[in-house]
Amino acid sequence: MLDCLFCKIIQRSISAKLVFEDNDAVAFEDINPQAPTHVLVVPKKHVSSLAETTDADVVLLGRLQRTAAALAAKLGLSSGFRVVANNGRGAGQTVEHLHYHLLGGREMKWPPG
Ligand code: 5GP
Ligand code: ZN
């Protein structure tokens, strides 16, 4: 996708602080962190949102969540962490390339705002 911010980060035409990369995904620090640890786990394949995924993406979605859990362990979030996918403008999605937020390092409130 030519005009997608996260595709540009994946292609390295925009820089980001990468913390993980494999064949399917990258993870990098959020530019506007909402917690001491705030990492975005992003599939290399462009899919605009969770709602746009299909059954063909089931394995990919599982990998993204496992990546988030493995990163939480690697980053020392032993007291807890949150994994969030905002879907659609009304839920706060601002970048239309599927991503999971991995948040930790502070007490998390429920329900989220
Ligand atoms: P959303 O609002 O779509 O759920 O999450 C998009 C996230 O991307 C936001 O938390 C925002 O701070 C982050 N973000 C937006 N632009 C950039 C950027 O250029 N670089 C990085 N690293 N994060 C970004
Ligand atoms: Zn994209």
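Scope of this entry: the structure provided in the associated data block. (Residues numbered from 1 in each chain as written. Chains lettered and ligands numbered in written order. Predicted model: local features only at pLDDT ≥ 70, side-chain atom pairs only at ≥ 80, totals over all residues. Heavy atoms only, no water.)

1. Here's the deal with the pattern of salt bridges
Under the criterion given, the structure shown has 6 salt bridges. Note that Lys-8 and Asp-3 form a salt bridge whose closest N and O atoms lie 3.9 Å from each other. The exposure class assigned to Asp-3 is exposed, which follows from its relative accessible area of 74%. We note a salt bridge from Glu-21 to Lys-44, for which the minimum N-O separation is 2.8 Å. Residue Glu-21 is located in strand β1 (residues 18-21), and its partner Lys-44 is located in the loop between β3 (37-43) and α2 (58-74); the two are separated by 23 residues in the primary sequence. Accessibility expressed as a relative area gives 28% for Lys-44, which makes it partly exposed. Ionic contacts of the salt-bridge type, sharing partners, join the residues Arg-12, Glu-21 and Lys-44 into one network. (Salt bridge = Lys/Arg side-chain N within 4 Å of Asp/Glu carboxyl O. Buried < 20%, exposed > 50% of the residue type's maximum accessible area, 1.4 Å probe, protein only. Helix = DSSP H or I, 4+ residues; strand = E, 2+ residues; numbered from the N terminus.)

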